[in-house]
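# Observations on the model geometry
What follows is the residue order along each chain.
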Amino acid sequence: LVLSLAWLGPALGDEDKEEVVEEEEKEKKEDEVLSDEIKEEDHVLVLHEHNFARALSEHQLLLVEFYAPWCGHCQQLAPAFAQAATELRNESSPARLGKVDATAQTALANEFGITSYPTLKLFRDGNRTHPLAYTGRMDSQGIVRWMQRRAGPSATLLQDTDTATTFINSQDLVVVGFFKDLRGEAAQAFFEVAAEMVDMTFGVAEAAELFQAYGLSADTVCLFKKFDERQTNFPVDPSRGLDTAELTRLLRIHSLQLVMEFTNETSNQIFGAKIPHHMLLFLNKSSSEQLSLRDGFRAAAGGFRGEVLFVVVDVTGHGADVLPFFGMTPADAPTLRLVKMENNRKYQMEQDNFSDSAIRTFIQAVLDGKVKPHLLSAEPPEDWDTRPVKVLVGKTFEQVAFDETKNVFVKFYAPWCPHCQAMAAAWEELAERYKDREDIVIAEMDSTANELENITIQGFPTLHYFPAGPGRKMVEYKSTRDVETFSKFLDNGGTLPVEPPVSEIKEQPPCPRQSPDPPG
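Here the residue numbers are simple positions, counted from 1 along each chain's written sequence. Two thresholds apply to this predicted model, a pLDDT of at least 70 for residue-level local features and 80 or more for giving and counting side-chain atom pairs, whereas whole-chain, interface and lining totals are computed over all residues. Side-chain measures here rest on the full set of heavy atoms in the structure, leaving out hydrogens and waters.

Note the following rule: UniProt positions are given in the numbering used here, feature names are shortened, and annotations may be inferred rather than shown by experiment.
The name given to the protein in an unreviewed UniProt entry is protein disulfide-isomerase, with the source organism recorded as Erpornis zantholeuca. Under the Catalytic activity (unreviewed entry) heading, UniProt states for the protein: "Catalyzes the rearrangement of -S-S- bonds in proteins."

Below, the structure is given as structure tokens:
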């Protein structure tokens, strides 16, 4: 508005009036900042250091997003955050959403330890000293559900057998906690779990008739399903009590079907369960012969629940997108792969055998460390060593990276990773700068198509420096990704000169090891 008036004033021949208006606008804006008035944008409270206390006092549950205007993740979250705020407002929930520009409101950012964007924190009952970190999904439905669980009872009280039967039959999967004392420590821990696991429906019971109806004599958490085992019991240990982390893990594991099909709808469940190994059956669902292989696969699954998740992947459906991750094409189906999730190591049978006994034997051998991982490697391009940036593949990595006469700086990347794409030009410029140095090699490796036995890449891009000389030494580069800093690192022999520490707020971590929804 001030800028508009600055242009219009001279045109109207009223320069004195323009100066007065500018000053009034400036004073008005200063008053707005100093005021504790709370304004809204799309039902999201706009908060700053002068109205933050008022917002806490007026709203029982307040979820605050600390953001930076330049942050891409914040911009992506904004529509979902606004939609969630609108939904909660429309249902007259005591839960409200607010936002703080942490780059402008540095006092608030420092007070709440904001080190990355966006950061979401929940303030309850005006408590400013112990906000709760947001743990839900970053979409409108996830935010609404997470807040609803904290606004109302996290579990429905079941009074008698009729209400319990209706509740249990209402959905494919429900969790019911049976406790002799709903005010006891075990029940309170159960309510905590229910508040966090917003994608499941929770009930609670203490009536003696319900204990008897479901064959229980002591405090027990029961998972009721309309598939596989109909009722799975998790008794509460009288001496240890109820461990929230362990109960969460067990519910995640047992809420999954014994054999999952990899689809867009199930991918979050598959990876969210945190099961350490995935056994994958790749098949073409249009082939009845291949579909029949599921019987033996399922028969092998029961003995490994919690340790190995069995997943069927249709190579002509949703699974087609992940085939490159395994170096496969649809023509490779049917075939089996076992993936160790902590390091993405893949294992395969010497000869595929789809009988349940053969699958069990193979899995046990992998778990016992008796099978070597199957490592992917692309073929080296013909001109791999003629360009400034040398192109490495699994087959050529050892001979280049561990050449005792060379200092080798390697970028491990993924073609789809935006961070890798952003630094590509800098890496090329670095290679040009050192292309005439006989003792320095600038290289890169596509880690989605190539794997190494003793080096695990967890995120993209990852930069490793392999110094010349005897021994298989490796130094991870963790500093700024620009040409000048890279050059300082190389010229200083694989370390950076010591400089005063700089406090930096990061927008986001590197790209995760996996592209969207690869099984393993």
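Back to the write-up after that little detour.
## Topic: the sheet that holds strand 10 (residues 220-225)
Our working definition: Note: two strands are recorded as paired if DSSP finds a minimum of 2 bridges between them. The numbering of helices and of strands both runs from the N terminus, where a helix is a DSSP run of H or I of at least 4 residues and a strand a run of E of at least 2.
With respect to topology, five strands assemble into an open sheet ordered 7-9-8-10-11, the strand pairing being mixed. Both outer strands of the open sheet, strand 7 (156-157) and strand 11 (231-235), are each paired with one neighbouring strand and no more. When strand 10 meets strand 11, the two strands line up antiparallel, connected through five bridges. Each residue of the ladder has a partner; that of V221, found in strand 11, is F234.

## Quick look at the packing of helix 6 (residues 140-151) against helix 8 (residues 185-196)
For clarity, the cut-off: Axes here mean lines fitted to C-alpha atoms, for a helix over just the part in contact, with angles spanning 0 to 180 degrees between N-to-C directions. The scheme is simple: roughly parallel for angles under 35 degrees, roughly antiparallel for over 145, roughly perpendicular for 65 to 115, oblique for anything else. Residue contacts are counted whenever heavy atoms from the two residues lie within 4.5 Å of one another. Gly is put with the polar residues, along with every residue not named as nonpolar or charged; the nonpolar set is Ala, Val, Leu, Ile, Met, Phe, Trp, Tyr, Cys and Pro, and the charged set is Asp, Glu, Lys and Arg.
Two elements in contact, helix 6 and helix 8, have axes whose closest approach is 8 Å; the angle formed by their N-to-C orientations is 155°. As judged from the angle between their axes, helix 6 and helix 8 are roughly antiparallel. Note on element contacts: helix 8 touches helix 6 through A194, A195 and E196, opposite W146, R149 and R150. For the contact of helix 6 with helix 8, a count of residues per class yields three nonpolar, no polar and three charged.

## Concerning the nonpolar core
Heads up, the rule is: In this text, buried Ala, Val, Leu, Ile, Met, Phe, Trp, Tyr and Cys residues form a nonpolar core when linked through side-chain atoms within 4.5 Å. For each residue, the accessible area found with a 1.4 Å probe, counting protein chains only, is set against the maximum for its type, and the residue is called buried under 20%, exposed over 50%, and partly exposed in between.
Core analysis: the largest hydrophobic core is formed by 24 residues, its most contacted members being F179, F190, F202, L242 and L251. Contributions of two or more residues to this core are made by strand 8 (173-178), helix 8, strand 9 (201-205), strand 10 and helix 10 (244-255). Among the elements that take part in this core, helix 8 stands out by supplying six residues, more than any other.

## So, the sheet that holds strand 12 (residues 259-261)
Overall, mixed pairing links the five strands, which are arranged 12-14-13-15-16 in an open sheet. Strands with a single pairing partner mark the edges of an open sheet, and in this sheet they are strand 12 and strand 16 (345-347). Neighbour to neighbour, the strand axes of the sheet diverge by 25° on average, direction disregarded. Summarising the sheet, strand 13 (residues 277-283) and strand 14 (residues 308-314) pair through seven bridges and their orientation is parallel. Bridging across to strand 14, L281 finds its partner in V312. Its contacts with the sheet put helix 13 (residues 294-301) on strand 12, strand 13, strand 14 and strand 15 (335-340), and the angle it makes with strand 14 is roughly 165°.

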